[in-house]
Amino acid sequence: MSIYQNYLKQIEERKDQGLHPQPIDGAELLSKIIDQIKDVDNEYREDSLNFFIYNVLPGTTSAAGVKAKFLKEIILGESIVEEITPAFALEQLSHMKGGPSVEVLLDLALGEDVAIAEEAAKVLKTQVFLYEADTDRLEDAFKLGSKIAKDIIESYAKAEFFTKLPEIDEEIKVVTYIAGVGDISTDLLSPGGDAHSRSDRELHGQCMFEHNKEMQNELLALKEAHPDKRVMLIAEKGTMGVGSSRMSGVNNVALWTGISSSPYVPFINIAPVIAGTNGIAPIFLTTVGVTGGIGLDLKNWVQQKDENGNTIVDEDGEPILKEVYSVATGTVLTINTKEKKLYNGDQELKDVSAAFTPQKMEFMKAGGSYAVVFGKKLQTFACNVLGIDIPQVYAPSKEVTIEGQGLTAVEKIFNKNAVGTSGATLHAGSYVRAEVNIVGSQDTTGLMTSQELEMMAATVISPIVDGAYQSGCHTASVWDDKSKANIPRLMSFMNDFGLITGRDPKGKYFPMTDVIHKVLNDITVGDWDIIIGGDSHTRMSKGVAFGADSGTVALALATGEASMPIPESVKVTFKGQMKSYMDFRDVVHATQQQMLKQFGGENVFQGRVIEVHIGTLTSDEAFTFTDWTAEMKAKASICISEDETLIESLEIAKGRIQIMIAKGMDNEKQVLKGLVEKAETRITELKTGIKPSLRPDANAKYHAEVIINLDEIAEPMIADPDVNNEDVSKRYTHDNIRPLSYYGGTKKVDLGFVGSCMVHKGDMKILAQMLKNIEAQQGKVEFKAPLVVAPPTYNIVDELKAEGDWEVLQKYSGFEFDDNAPKGLARTKYENMLYLERPGCNLCMGNQEKAEPGDTVMATSTRLFQGRVVKDDGEKKGESLLSSTPVVVLSTILGRTPTLAEYEAAVDGIVLTKFKPSTKQLVR
């Protein structure tokens, strides 16, 4: 059967799923289609024309290269296709986004046929995705006296590719759709279990609202009833897009409610309108900007205050909310982009100027942030060639400078890494371009990142980036057919692009499924670094890290830059003393609890950087705090460390990078070797006092300051999804922190999970020691609930084996992973025993394995959203309670939550996290 016949067969199979033909990205299939177009008598010619014109992915896909070449033949008259005139061929090239299409346009513009050159030049003036090879050609032609090249470069200098675009509408009519009450996790928009289909946008679109056809049909009916309006998706009484960065979530919203980006590129929509009573999660809002969309903070429910300005609370101590205005499904509203206000008819509802900053409006006008980033670089190139100053076309970088005010840690990092600024000292609120040091891509969004790179015509990692890593952690649990089809292809692409990859496409080193955040935490060897990663938990204990969507990751890989406002910071310090039986995870949860108590239920962390003065904790342990800040809804976090602690962390990181090198994971550019050298340089700076560790200024200004009293943490703390709360908006939030005693030692636990990025080597050693303690106390270890254990990295497994702890875990386990025969099917039933699973995300990801429906799970992970770790069944809601390793382990031994006395006995003699607040000045 020919490749085209196989494609027709696939089309029929997709019809049964209600899908259109899959977009073409392969050269072989498109070459066959072109042969059929050239054969005027071919029975498939009409369909082949439609496939060629309307169903080919742009950028640097191999199909795009074949398409661009054939369009060139048509323009030059070397091939005659009645349905595709030279003018139409040029129009199609204009929609192909760069790479082969720009190469062809340059061939034509710099060719000998003057008429064709002028037409090609008109198209080139609209393009922004040019790379060094393209601009070098233009510059060389300009220097040789080419008038066409001069004309194009002059157009670029004026940024006509941007200025000639239509302005955004002054009024945008929207009709509301309440997608959920309370925080809306991106699982609702793009479920983890459908991660395998994200790169097939139409197929993935079917999972919108977790495959809820009733909701999908309601949305379609709303669109049909309001054809002249945009649908605004809303999280009522909550935040939209919490829990993950997911470009796929925004892509799905855009697919259902947005605008087509091009008539010649299927299923790529832009400009969704998204809103939340409590705004948009920071990472998700960045993703909205990638698509040129609008994200509104509605504030239509507000806390009630008494006459003294204090928040009025109910009997449970929860703030009482009052509805200021309604956004019930079907409400027609108007967004005035000039006044930057939201209206219902003539009634002004809300100032929404935060959604319409000059930079965000540029993204909307350009169809997304990529075009603006590349446009600025192209304008800079052109002005440099012409030797002129850059005309002020784009909104200038917003520079906020406050005389006499010191800098927070994040302000210091941005001042060091900012590019294209006036050189003034920058404070929070400034909007800048900044160089990125470390970039991470994970495997369930990586295929989308590779697509984004292809569509922006990028072929190699930016030389600015110190290091980048592609993980295999999110698909580590089960090596199934979907993984076998997707992951090797992803690893090959990323390896060729210049990333260090968890799997070697050539098979020279053993496949690594280490959790991406742990690897990034090790390869980040600069406390002044900026890190961008394709996961919301990209929150390192060195430098400042921002979780990002797959598109922003692609942009960082291609350009070595990211553009964003410098966030405000909240300073967190500690006082008092930890009790010997407390785990640092309890400190993390107590931080959230005490912050909410101190600020009357207002989450002052949301959208800001948490500057945590941990001081004495090394990077592995400190990561437990920074990792959880994603659940605190913070934009990012920064650990302020003592010099000696930072040196210790860097030595650990250096050793782990050297292990990666020894395994053969370094590439031709010796990226890992370079990171070791960078670590060594930083250690020398710290030891000699040349450059102490990053610290804020003593007179820095913070949005808020939180002091955590360790003396108040008297028992283990548990984040509870509160699944049966009568107020739906208060379910599945991470703000409901309860003490262990709340459960009275009676709450049944059906499964325990020790794993995810929230645990480190110390947790595995605690687990081993607890099992030995319990055997000593009870004569044997008997599990009354299954305990799933997934170490985050192979390094940890190797170290545990060397120190004897892995042997202890093996002794009590009923299952141990085998990399030579990885599981091919997800486990659906669990026995009451210990499972030693392959390093990786496992249950926390929710895309492969889950607890049994309706289970109550006690886990060390980060996710408690509905359906993530455990689904509901017909009789009982699944619930995922989050706690420390000792609580999880003991809960599975008992089959229920322990009492405080039982807990203290089980951890007796075990050294949990030692943490004392620093006695040194951690400011400059």
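Placed above this text is the structure.
The residue count restarts for each chain, going from 1 along the sequence in the order it is written. The predicted origin of the model limits local features to residues at a pLDDT of at least 70 and limits the giving and counting of side-chain atom pairs to 80 or more, whereas totals for whole chains, interfaces and linings rest on all residues. Side-chain metrics rest on all non-hydrogen atoms present in the structure, leaving aside hydrogens and water.

On to the overall build of the protein chain, then. Under the DSSP-based scheme used, a helix requires at least four consecutive residues in state H or I and a strand at least two consecutive residues in state E, with every element numbered from the N terminus. From N to C terminus, the protein chain includes 32 helices and 33 strands. Since a compact globule built from 924 residues should have a radius of gyration of about 29 Å, the 28 Å found for the protein chain is in line with a globular shape. Projected onto its principal axes, the C-alpha coordinates of the protein chain cover approximately 90 × 70 × 65 Å. Buried means the residue's accessible area, taken with a 1.4 Å probe over protein chains only, is under 20% of the maximum for its type, while exposed means over 50%, and partly exposed covers the values in between. A buried classification covers 61% of the 924 residues belonging to the protein chain. A contact between two residues is defined here by any heavy atoms of the two lying within 4.5 Å. When contacts within the protein chain are restricted to residue pairs at least 6 apart in sequence, long-range pairs at least 24 apart make up 73% of them. We compute the radius of gyration over the C-alpha atoms and compare it with the globule rule, which gives 2.2 Å times the number of residues raised to the power 0.38.

This part is about the pairing of strand E19 (residues 530-533). Burial along E19 is two-sided: the face carrying Ile 530 and Ile 532 and the face carrying Ile 531 and Gly 533 are both buried. The pairing of E19 with strand E20 (residues 544-547) spans four bridges and is classified as parallel. Bridge pairing links Ile 531 to Ala 545 in E20. When DSSP locates at least two bridges between a pair of strands, those strands are taken to pair.

A few words now on the nonpolar core. The biggest cluster of nonpolar side chains holds 126 residues, and the ones touching the most others in it are Phe 574 and Ile 614. In this structure Phe 574 touches Val 587, Thr 591, Val 612, His 613, Ile 614, Phe 625, Ile 708, Leu 710, Phe 915 and Pro 917, once residues within four positions along its chain are discounted. In this structure, Leu 29, Leu 106, Ile 116 and Ala 141 belong to the second largest nonpolar core, which totals 116 residues. Put simply, buried Ala, Val, Leu, Ile, Met, Phe, Trp, Tyr and Cys residues joined by side-chain atoms within 4.5 Å make one nonpolar core.

Let us now look at the sheet that holds strand E25 (residues 704-709). Read from one edge to the other, the open sheet built from four strands follows the order E24-E23-E22-E25, with strand pairing classed as parallel. Two strands bound the open sheet, and with one partner strand each, they are strand E24 (636-641) and E25. When strand polarity is set aside, the average angle formed by the axes of neighbouring strands in this sheet is 25°. The pairing of strand E23 (residues 609-615) with E24 spans five bridges and is parallel. If you follow Val 609 over to E24, its bridge partner there is Ala 636. Note on geometry: axes are C-alpha line fits, over the in-contact stretch for helices, and angles between N-to-C directions span 0 to 180 degrees. Strands strand E22 (569-575), E23 and E24 of the sheet are contacted by helix H19 (residues 409-417), whose axis makes an angle of about 100° with E24.

What follows covers the sheet that holds strand E11 (residues 332-336). As summarised here, the arrangement of the seven strands in space is E8-E7-E3-E1-E11-E12-E13, forming an open sheet in which the pairing is mixed. This sheet does not close on itself; its edge strands, each paired only once, are strand E8 (294-297) and strand E13 (347-351). Strand after strand, the sheet turns through a mean of 30° between neighbouring axes, direction not considered. For strand E12 (residues 341-344) and E13, the ladder comprises four bridges, and the chain directions are antiparallel. Residue Lys 341 lies in a different strand from E13, and its bridge partner there is Asp 351. Relative to strand E1 (residues 171-181), helix H14 (residues 213-225) is tilted by about 165°, and along the sheet it contacts E1 and strand E3 (230-236).

Moving on to unusual backbone geometry. Trans peptide bonds make up most of the peptide bonds, and negative phi angles are found at most residues other than glycine. Phi at Lys 97 takes a positive value of approximately 70°, unusual for a residue other than glycine. Positive phi outside glycine occurs at Ala 271, with the angle close to 60°. With respect to the helices and strands, Ala 271 occurs in the loop between strand E6 (269-270) and strand E7 (273-276). According to the relative accessible area criterion, Ala 271 is buried, its value standing at 10%.

Below, the discussion takes up the environment of Gly 615. By the secondary structure assignment, Gly 615 is in strand E23. The buried category is assigned to Gly 615, whose relative accessible area is 0%. A C-alpha to C-alpha distance of 8.6 Å links Gly 615 and Asp 643, two positions 28 residues apart in sequence. Each residue touching Gly 615, except ones within four places of it in the same chain, is listed here: Ile 640, Ser 641, Glu 642, Thr 645, Ser 918 and Leu 922.

Any Lys or Arg side-chain nitrogen located within 4 Å of an Asp or Glu carboxyl oxygen qualifies as a salt bridge. This model, assessed by the stated rule, comprises 55 salt bridges. Note that Glu 202 is salt-bridged to Arg 14, the shortest N-O span being 3.7 Å. With Glu 202 in helix H12 (residues 201-205) and Arg 14 in helix H1 (residues 3-16), this residue pair connects regions lying 188 residues apart in the sequence. With respect to burial, Glu 202 and Arg 14 carry one shared label: buried. Lys 341 is the partner of Glu 348 in a salt bridge, and the nearest nitrogen-oxygen pair spans 3.4 Å. We classify Glu 348 as partly exposed; its relative accessible area is 42%.

Turning our eyes to something else, we now look at the packing of helix H28 (residues 761-778) against helix H30 (residues 805-812). Contact geometry for H28 and H30: axes closest at 9 Å, N-to-C directions at 55°. Between H28 and H30, the angle falls in the class oblique. Like other packed secondary-structure pairs, H28 and H30 cross with a definite hand, here left-handed. Along the contact surface, H28 presents Lys 765, Leu 767, Ala 768, Leu 771, Lys 772 and Glu 775, while H30 presents Asp 805, Val 808, Leu 809, Lys 811 and Tyr 812. Of the residues in the contact of H28 with H30, the class split is six nonpolar, no polar and five charged. For classification purposes, angles smaller than 35 degrees are called roughly parallel, those larger than 145 roughly antiparallel, those between 65 and 115 roughly perpendicular, and all remaining angles oblique. Rotating anticlockwise by less than a right angle from the far helix to the near helix defines a left-handed crossing, while the corresponding clockwise rotation defines a right-handed one. Polar here means any residue other than Ala, Val, Leu, Ile, Met, Phe, Trp, Tyr, Cys and Pro, which are nonpolar, and Asp, Glu, Lys and Arg, which are charged; Gly is therefore polar.

Moving on, we get to H28. A helix is expected to reach a length of 1.5 Å times the quantity of its residues less one. Here H28 contains 18 residues, and its C-alpha end-to-end distance of 26 Å stays within 8% of the 26 Å for a straight helix at 1.5 Å per residue. Among the residues of H28, Lys 761, Asp 763, Met 764, Ile 766, Leu 767, Ala 768, Met 770, Leu 771, Asn 773 and Ile 774 are the ones counted as buried. Taken from the residues just after H28, Gly 779 is the one with a positive phi, measuring 85°.

Next up on the list: the packing of helix H22 (residues 516-523) against helix H26 (residues 643-662). In contact at an axis separation of 8 Å, H22 and H26 are set at 110° when each is read in the N-to-C sense. One element, H22, and the other, H26, form an angle in the roughly perpendicular class. On H26, the residues touching Val 519, Asp 522 and Ile 523 of H22 are Ala 653, Arg 656, Ile 657 and Met 660. For the contact of H22 with H26, the class distribution of residues is five nonpolar, no polar and two charged.

Turning our attention to helix H21 (residues 481-497). Under the 1.5 Å per step criterion, the end-to-end length of H21 is 25 Å for 17 residues, consistent within 8% with the ideal 24 Å. Those residues of H21 lying buried are Ser 483, Asn 486, Ile 487, Leu 490, Met 491, Met 494 and Phe 497. Against the buried residues of H21 lie strand E16 (438-441), helix H20 (443-455), strand E17 (467-470), strand E18 (500-501) and helix H23 (550-559). Following H21 by one or two positions, Gly 498 adopts a phi angle in the positive range, close to 120°.

Everything listed here is a matter of geometry and, on its own, says nothing about what the molecule does.
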